[in-house]
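# Structural features, examined
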Amino acid sequence: MAKDKAMKIVGFAAYVLFAVLVFLLGLVITFPVQEVAQRVTALASDRTGWQFQVHGVRWVPLAELRMARLDATPPKGAPVRVERVSLNFAPMRLREGVISVQHDMQLYGGGLAGHLDVEGQGVNAAYTWSGKWQGLDLSTVPLTAPGATPGGWVGGMTVTGRSNLDGSAAWRGQEVLRGNGRATVDAHNLLLKDLLTPLGKLNLPLGEVQAKIAWQRGRLDVESLTMDGDLLKGEGSGRITVGSTSLTTRLDMKFQATLGPAFPMRDVVRAMVKAGDGPVSVAIRGPIESPSVYINNVALDQLMLKGG
């Protein structure tokens, strides 16, 4: 009797499991995934002002959307392409007027995973984000924000290397840097190529770079910065004040560093500032479009012109 009862329980459990699987299969087959995707993208457009197009979308129970590709177009400028997108929503938060989503995607060659909450609409929308960006290919990243006009200082400069970011932020509308947040950033084999300077175009092999950054209301405090490359080896800190243009965005950075073999006119500069083989004080001040570099409080362009 006990054996027969156990078999009945197992049979009933198997029947229930079979029924649930059939129900889920039917739900997946008949679920209006394209309609849901259109509603989600329309809602995102309304909240951000961007336009979105999705490709290869499919739904994964219970509340996950996957897309082969997502094209996001800002109000001005070229689209940003995102690939292999996974968005896992918290449906109950919608009752509070909050879009809450875990995301995992490929953007600019790196994996971007984290959590985003959006409350409100348009320019008044409030965003809260935390996550990680691993393996970012810096050669694919625009040097200006999407929709912004490139500054003249960019010229033909290119940036190569790989980077990782771990951070969190909160902001309103599209003013990310006007909000607040923190980030730890590292870059490997970082190279600025054809950077336009008063001395012409220069290549700056920065090598390995690590930084801890905090920002609030347009002010970025670089709490710590280390560089280990053929240009410089040293540590520093400073501040970046973000303005509306590259001329009003200002740098104020200071380092204690050893000049590397790739530093322009290295031996001449060291002799002029009487540095010997020891470290020197390096300061970068002024607008990001045309900052001034000082070695032991002497302007670098003046040193080079004298040395030339």
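Presented here is a report on the structure given in the accompanying data block. Remember, predicted model here, so these are calculated numbers, not experimental data.

Calculation criteria
Numbering of residues begins from 1 in every chain and follows the order in which that chain's sequence is written. Note on the predicted model: pLDDT of at least 70 is required for a residue's local features to be given, and 80 or more for side-chain atom pairs to be given and counted; whole-chain, interface and lining totals, by contrast, use all residues. Hydrogens and water molecules were not included; the side-chain quantities draw on all heavy atoms of the structure. What counts as a helix is a DSSP run of H or I of at least four residues, what counts as a strand is a run of E of at least two, and both are numbered from the N terminus. We call two residues contacting when some pair of their heavy atoms lies within 4.5 Å. Using the Shrake-Rupley algorithm and a 1.4 Å probe, accessible areas are obtained, with residue cover drawn only from the displayed protein chains. What qualifies as a polar contact is a pair of N or O atoms within 3.5 Å, subject to a donor-acceptor requirement within protein and to the restriction that residues adjacent in sequence count only when both atoms come from side chains. Exposure classes here rest on a 1.4 Å probe applied to the protein chains alone. A residue is buried below 20% of its type maximum, exposed above 50%, and partly exposed in between. Here, any two strands with at least 2 DSSP bridges between them count as paired. Definition used in this section: a nonpolar core is a set of buried Ala, Val, Leu, Ile, Met, Phe, Trp, Tyr and Cys residues joined via side-chain atoms within 4.5 Å. Each reported salt bridge corresponds to a side-chain nitrogen of Lys or Arg within 4 Å of a carboxyl oxygen of Asp or Glu. Two rings from Phe, Tyr or Trp (for Trp, the six-membered ring) form a pair when their centres are within 6.5 Å of each other. A pair whose planes differ by under 30 degrees is stacked, one over 60 is edge-to-face, and the rest are tilted. Counting as a charge over the ring demands two things of the Lys NZ or Arg CZ atom: a distance within 6 Å of the ring centre and an angle within 35 degrees of the ring normal.

Our next topic: the overall build of the chain. Check the secondary structure of the chain and you find four helices and 16 strands. The contacts of the chain with a sequence gap of at least 6 include a subset with a gap of at least 24, amounting to 45%. In the form shown here, the chain has an accessible surface area of approximately 18,100 Å², with 59% of it arising from carbon and sulfur atoms.

Turning to the side chain of Ser-163, a few remarks are in order. Structurally, Ser-163 is set in strand 8 (residues 158-172). Here the side chain of Ser-163 touches Asp-186 through a polar contact of 2.8 Å, landing on its backbone oxygen. Apart from the residues lying within four places of it in its own chain, the contact partners of Ser-163 are Trp-133, Gln-134, Gly-135, Leu-136, Leu-138, Val-185, Asp-186 and Ala-187.

Within the element layout of this structure, Asp-117 appears in strand 6 (residues 110-119). Owing to a relative accessible area of 18%, Asp-117 belongs among the buried residues under this scheme. Separated by 2.9 Å, the side chains of Asp-117 and His-115 make a polar contact. For Asp-117, the contacting residues outside a window of four places in its chain are Arg-93, Val-98, Ile-99, Ser-100, Val-101, Ala-126, Tyr-127 and Thr-128.

On to the pairing of strand 15 (residues 292-295). Sheet analysis places strand 14 (residues 280-287) next to strand 15, joined by four bridges and oriented antiparallel. Looking at the pairing, Ile-284 lines up with Val-293 of strand 15. Connecting strand 14 to the next strand, strand 15, in antiparallel fashion are four residues. Linking strand 15 to strand 16 (residues 298-299), which pair antiparallel, is a turn of two residues; within it Asn-296 sits at a positive phi near 50°.

Of note, Arg-84 is a non-glycine position whose phi angle comes to about 50°, a positive value. Secondary-structure assignment places Arg-84 in strand 4 (residues 80-89). Backbone geometry at Arg-217 places phi at a positive 50°, although glycine is not the residue there. By the element assignment, Arg-217 lies in the loop between strand 10 (200-216) and strand 11 (219-228).

For the rest of this paragraph, the subject is the nonpolar core. Counting residues in hydrophobic clusters, the biggest one holds 60 residues, and the most contacted among them are Met-67, Leu-206, Leu-232, Phe-263 and Ile-295. In terms of residue count, the dominant contributor to this core is strand 10 (six residues). Those residues in contact with Met-67 that sit more than four places away from it in its chain are Val-54, His-55, Gly-56, Val-57, Arg-84, Val-85 and Leu-87.

Moving on to the pairing of strand 5 (residues 98-107). Counting buried positions along strand 5 yields seven of ten residues, so the element is predominantly enclosed. With six bridges connecting them, strand 4 and strand 5 associate as antiparallel partners. Directly across from Asn-88, in strand 5, lies its bridge partner Gln-102. Bridging between strand 5 and strand 6 involves ten bridges; their strand directions are antiparallel. Following the sheet pairing, Ser-100 is matched in strand 6 by Asp-117.

The final tally for this structure, using the stated rule, is nine salt bridges. A salt bridge links Lys-233 to Asp-228; the shortest N-O distance between them is 2.5 Å. Salt bridges here are not isolated pairs; linked through shared partners, they connect Arg-69, Asp-71 and Arg-81.

With that out of the way, let us pick up the environment of Asn-164. Looking at the element boundaries, Asn-164 is found in strand 8. Its relative accessible area of 18% is what places Asn-164 among the buried residues. Taking the C-alpha atoms as reference, Asn-164 lies 6.2 Å from Leu-136; in sequence the two are 28 residues apart. What Asn-164 contacts, discounting residues up to four positions off in sequence, is Trp-133, Gln-134, Gly-135, Thr-184, Val-185, Asp-186 and His-188. Only 2.7 Å separates the side chain of Asn-164 from the backbone nitrogen of Gly-135, close enough to count as a polar contact.

Tallying each qualifying case throughout the model produces two aromatic pairs. Here Tyr-108 and Trp-133 contribute two aromatic rings whose centre-to-centre distance is 6.4 Å and whose plane-to-plane angle is 25°, an arrangement assigned as stacked. Taken together, the residues span a long stretch of sequence, with Tyr-108 in the loop between strand 5 and strand 6 and Trp-133 in strand 7 (residues 126-137) at a distance of 25 residues. In this structure, Tyr-108 and Trp-133 share a single accessibility class: buried. Taking 5.1 Å as the distance between ring centres and 5° as the angle between the ring planes, the aromatic pair formed by Tyr-127 and Trp-171 counts as stacked. Of this pair, Tyr-127 sits in strand 7 while Trp-171 sits in strand 8, and the two are 44 residues apart along the sequence. You can call Trp-171 buried: its relative accessible area is 15%. We note Arg-285 situated over the ring of Tyr-294; from NZ or CZ to the ring centre the distance is 5.2 Å.

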